[in-house]
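Observations on the three-dimensional arrangement
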Amino acid sequence: MRKLSNFYNTLISQHSTEKSNSLLNNFNCFTFIVSNKANKHEIKNVVEKLFNVTVSFVRVLVVKGKSVKFKNSFGKRKDFKKAFVYLNKGDTINFSEFK
């Protein structure tokens, strides 16, 4: 695992959409936006240590940024990495109690 400063920079935020809410209800899967340099093993270790849960497996997806046009200039939104973290039965993450 990388340095301790990168340990806290691995998870950026929780990603909450309709699809992620249905995955949470049906498969006990939480969705996070993570650092582009993070891999599955690092994400699993960080989630297990921060939230005291047991992770069964992790799936990772890189979302490519869209091409956009603003006035007469063209640009591109940033790419970001999304992690689907599946927890064992009985484990859950309560974000309201997390500090």
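Keep in mind that what you see is a predicted model, and the values were worked out from it rather than measured.

Reading guide: rules and limits
The numbers attached to residues start from 1 for each chain and follow its sequence in the written order. Side-chain atom pairs in this predicted model are given and counted only at pLDDT of 80 or more, local residue features only at pLDDT of at least 70, and totals for whole chains, interfaces and linings cover all residues. The side-chain numbers reported here are obtained from all heavy atoms of the structure, hydrogens and water having been left aside. Any two strands with at least two DSSP bridges between them are considered paired. Under the DSSP-based scheme used, a helix requires at least four consecutive residues in state H or I and a strand at least two consecutive residues in state E, with every element numbered from the N terminus. Axes here refer to lines fitted to C-alpha atoms; in helices the fit is confined to the stretch in contact. Angles between the N-to-C directions go from 0 to 180 degrees. Residues count as neighbours in contact if any of their non-hydrogen atoms are within 4.5 Å of one another. A pair is scored as a salt bridge if a Lys or Arg side-chain nitrogen falls within 4 Å of a carboxyl oxygen belonging to Asp or Glu. Accessibility here uses a 1.4 Å probe with only protein chains present; expressed as a share of the type maximum, an area under 20% marks a residue as buried, one over 50% as exposed, and anything in between as partly exposed. Take the buried residues of types Ala, Val, Leu, Ile, Met, Phe, Trp, Tyr and Cys, join any two whose side-chain atoms come within 4.5 Å, and each joined set is a nonpolar core. Two rings from Phe, Tyr or Trp (for Trp, the six-membered ring) form a pair when their centres sit within 6.5 Å of each other. Planes less than 30 degrees apart are called stacked, planes more than 60 degrees apart edge-to-face, and all others tilted. To estimate the expected span of a helix, count its residues, drop one, and scale the result by 1.5 Å. Along the arc lie the directions from the helix axis toward the C-beta atoms. Polar contacts, as counted here, are pairs of nitrogen or oxygen atoms within 3.5 Å of one another; within protein the pair requires one atom able to donate a hydrogen and one able to accept it, and residues that are adjacent in sequence qualify only if both atoms are side-chain atoms.

What follows covers the sheet that holds strand 1 (residues 11-14). What the four strands build is an open sheet, ordered 1-2-6-3; its pairing is antiparallel. Of all the strands in the sheet, just strand 1 and strand 3 (55-63) have a single pairing partner and so form its edges. Sheet twist, expressed as the mean angle between neighbouring strand axes with direction ignored, is 30 degrees. Sitting on the sheet, helix 2 (residues 18-27) touches strand 2 (29-34) and strand 6 (80-87), and the angle it makes with strand 2 is about 140 degrees. Together, strand 1, strand 2, strand 3 and strand 6 form the strand contacts of helix 3 (residues 40-51), whose direction differs from that of strand 3 by roughly 125 degrees.

Taken together, the four bridges between strand 4 (residues 67-70) and strand 5 (residues 73-76) define a ladder with antiparallel strand orientation. Across the sheet, V68 pairs through a bridge with G75, a residue of strand 5. The hairpin formed by strand 4 and strand 5 contains two residues between the paired strands, and K71 there has a positive phi angle of roughly 55 degrees.

Here the focus is the pattern of salt bridges. Following the criterion strictly, the structure yields one salt bridge and no others. Between K76 and D79 there is a salt bridge, and its shortest N-O distance comes to 2.8 Å. Note on K76: relative accessible area 53%, which makes it exposed.

Nonpolar side chains in soluble globular proteins generally cluster together in the buried interior. F32, I43, V47, V85 and I93 are the most contacted members of the largest nonpolar core, which totals 17 residues. Of all the secondary-structure elements, those providing two or more residues to this core are strand 2, helix 3, strand 3 and strand 6. A total of four residues in this core trace back to one element, the largest contributor, which is helix 3.

As a further point, take the packing of aromatic side chains. All chains considered together, the criterion is met by five aromatic pairs. Residues F32 and F95 carry aromatic rings whose centres are separated by 6.2 Å and whose planes lie at 70 degrees to one another, so their mutual orientation is edge-to-face. Note that F32 is positioned in strand 2 and F95 in the segment after strand 6, a separation of 63 residues in sequence. Judged by its relative accessible area of 2%, F32 is buried. Classification of F95 as partly exposed rests on a relative accessible area of 30%. Seen from their ring centres, F57 and Y86 are 4.4 Å apart, and the 15 degrees between their planes marks the pair as stacked. With a gap of 29 residues between them, F57 in strand 3 and Y86 in strand 6 connect regions that are remote in the sequence.

Our focus in this paragraph is helix 3. For an α-helix the count is 3.6 residues per turn, leaving residues at separations of three or four pointing the same way. With 12 residues, helix 3 ought to run about 16 Å at 1.5 Å a step, and its terminal C-alpha atoms sit 16 Å apart, in line with that. Within helix 3 the residues assigned to the buried category are E42, I43, V46, V47 and F51. Around the axis of helix 3, the buried residues are gathered within 125 degrees of arc, so they sit on the same side. Exposed positions of helix 3 whose direction lies more than 90 degrees from the buried face are H41 and K49. Capping the start of helix 3, N39 holds a side-chain oxygen 3.3 Å from the backbone nitrogen of H41, two or three residues further along. Where helix 3 terminates, the next one or two residues include N52, which has phi positive at roughly 55 degrees.

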